[in-house]
Amino acid sequence: MKKEPLFIAFSTQKGGAGKTTLTVLTASYLYYVKGYDVAVVDCDYPQFSIKDMRERDLKNIERNPHLRRTAYEQFRRLGKRAYPIACSRPDKVAETVRPFVESDTPPDFIFFDLTGTVNNLELIRTVAMMDYIFCPIAADRFIMESSLKYAGIINDTLVTTGKSNLKGIRLLWNMVDRREKTELYDLYDKVIAGMGLEVLKTSLPDSKRFRKEGPEEGDRPPFRSTLLPPDRTLAKGSGIDALAEEILGIVKR
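Right, let's walk through the structure included here. If you're wondering where the values come from, they're calculated on a predicted model, not measured in any experiment.

**Notes on the sheet that holds strand β1 (residues 6-10)**
Phase 1: Strand order across the open sheet formed by seven strands is β3-β2-β4-β1-β5-β6-β7, with parallel pairing between neighbours. For this open sheet the edge positions go to β3 (85-87) and β7 (198-205), each flanked by a neighbour on one side alone. The average angle at which neighbouring strand axes cross in this sheet is 25°, direction not considered.
Phase 2: As defined by bridge partners, strand β6 (residues 168-176) adjoins β7 across four bridges and the pair is classed as parallel. From the neighbouring strand, valine 176 faces β7, where its bridge partner is proline 205.
Phase 3: Seen against the sheet, helix α1 (residues 19-33) touches β1, β2 (38-42), β4 (109-113), β5 (132-137), β6 and β7 and runs at an angle of roughly 165° to β4.

**A look at the side chain of lysine 80**
Phase 1: Here lysine 80 shows up in the loop between α3 (65-78) and β3.
Phase 2: A relative accessible area of 19% places lysine 80 in the buried class.
Phase 3: In terms of polar contacts, lysine 80 uses its side chain to reach the backbone carbonyl oxygen of tyrosine 36, at 3.3 Å.
Phase 4: Once you skip the residues sitting within four places of it in the chain, lysine 80 turns out to touch Tyr31, Gly35, Tyr36, Asp37 and Phe75.

Cut-offs applied
Residues numbered from 1 in each chain as written. Predicted model: local features only at pLDDT ≥ 70, side-chain atom pairs only at ≥ 80, totals over all residues. Heavy atoms only, no water. Pairing = 2+ DSSP bridges. Helix = DSSP H or I, 4+ residues; strand = E, 2+ residues; numbered from the N terminus. Axes fitted to C-alpha atoms, helices over the stretch in contact; angles between N-to-C directions. Contact = heavy atoms within 4.5 Å. Buried < 20%, exposed > 50% of the residue type's maximum accessible area, 1.4 Å probe, protein only. Polar contact = N/O pair within 3.5 Å; in protein donor to acceptor, adjacent residues only side chain to side chain.

Quick look at the structure:
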């Protein structure tokens with residue numbers, strides 16, 4: 001029986017919360033490290049951030065002999081090329097994913113980088129197509145207010161009512177400053193629980209590594225790349241492996 005891909009989105013209304021970076025890191029980890037088949041649909045119209053990242057990754061590999069060797073050895077080991085990235089307007093997602101879904105060998109996961117507004121009917125329909133949404137949050141007043149409003153609307157209108165394909169929405173603590181008082185996070189967690197929302201056990205630190213892409217020179221692999229997995233040294237303490245494993249546990253794959 002042909003498998004059906006799971007639709008997963010990192011999505012929030014507030015820019016700067018890290019949804020694009022999390023989409024790439026999770027997709028690359030599951031594809032290059034865990035061996036799952038993955039596709040990514042970049043709906044961040046009109047800038048298409050992930051498509052642009054793929055183009056930068058290709059240029060970095062072309063310029064850097066070490067990265068070229070790493071990419072070639074990875075291809076030989078895995079027996080497959082880089083995961084596909086498709087661009088789509090938010091209201092054209094159903095058409096964009098059809099070739100993946102109807103393929104003889106559909107991917108295990110299709111990740112979506114969605115725009116964050118829920119004020120447009122077509123965007124609501126796109127959100128309703130997802131199986132799971134992970135909403136990054138940070139201990140910043142504006143990010144929290146926007147993200148909680150967004151998650152609350154989705155949970156109340158699409159998840160709890162059963163009027164969509166959504167099986168759940170989870171919040172994810174991102175850019176956590178370990179020096180901040182834990183009381184602040186405990187307070188936010190109580191507010192979140194009072195809204196009937198769930199938070200992932202995994203939290204990700206505030207670290208410059210999440211903004212690191214492939215260098216033009218040097219032999220260190222990149223941390224954030226659409227062509228290579230996160231560098232093992234940089235990945236230590238990043239929480240990406242724990243995040244991927246927790247997601248796999250939730251989606252039962």
